[in-house]
Amino acid sequence: MAATEFADLSDEELLAREAELDRRWDVVREEHQRLYGERRKVKREKSRRGLFLPPLHDDDAEPDMSPSEKLAGLKSARRKNVPSG
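Residues numbered from 1 in each chain as written. Predicted model: local features only at pLDDT ≥ 70, side-chain atom pairs only at ≥ 80, totals over all residues. Heavy atoms only, no water.

As a further point, take the overall build of the protein. Within the protein one finds two helices and zero strands. By residue count, 0% of the 85 residues in the protein fall in the buried class. Surface summary for the protein: the accessible area is close to 8600 Å², and the carbon and sulfur share equals 55%. (Helix = DSSP H or I, 4+ residues; strand = E, 2+ residues; numbered from the N terminus. Buried < 20%, exposed > 50% of the residue type's maximum accessible area, 1.4 Å probe, protein only. Areas by Shrake-Rupley, 256 points an atom, 1.4 Å probe, with all protein chains shown as cover.)

Turning our attention to the pattern of salt bridges. For side chains bearing opposite charge, pairing can occur when the charged atoms are close. Counted under the stated rule, the structure contains six salt bridges. For glutamate 20, the salt bridge is made with arginine 23, and the minimal N-O distance between the two is 3.2 Å. With glutamate 20 and arginine 23 both in helix H1 (residues 11–49) and three residues apart, this pair spans about one turn of that helix. Note on glutamate 20: relative accessible area 32%, which makes it partly exposed. Across the pair arginine 49 and glutamate 45 runs a salt bridge whose closest N-O atoms are separated by 2.7 Å. Highlighted residues: arginine 49 and glutamate 45, both in helix H1, separated by four residues, approximately one helical turn. Using a relative accessible area of 58% as the deciding quantity, one classes arginine 49 as exposed. (Salt bridge = Lys/Arg side-chain N within 4 Å of Asp/Glu carboxyl O.)

Right, let's get into H1. Between its first and last C-alpha atoms H1 spans 57 Å; for 39 residues at 1.5 Å apiece the expected length is 57 Å, and the two agree. Looking one or two residues past H1, glycine 50 carries a phi angle of roughly 80°, positive in sign. (Expected span 1.5 Å × (residues − 1).)

Geometric values such as these leave the question of function open.
Following this line, the structure appears as structure tokens:
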């Protein structure tokens, strides 16, 4: 049981441990809030610059296919994957 972990501490030691954890928690919470705020600012700037948008083209993609050619390729691939019958 988790409570037995601190069973050997005196009342004063237990209260001191709680006070130390409270101080540490305050530091962690402040750091978390600071990082969260900075992260939001970075994301906002990325959005402003358009960095959240997907790339307009893939360098590894097949050379300039028209949308109708891409659609025809997708349809033929779909037909191949559909079981007959």
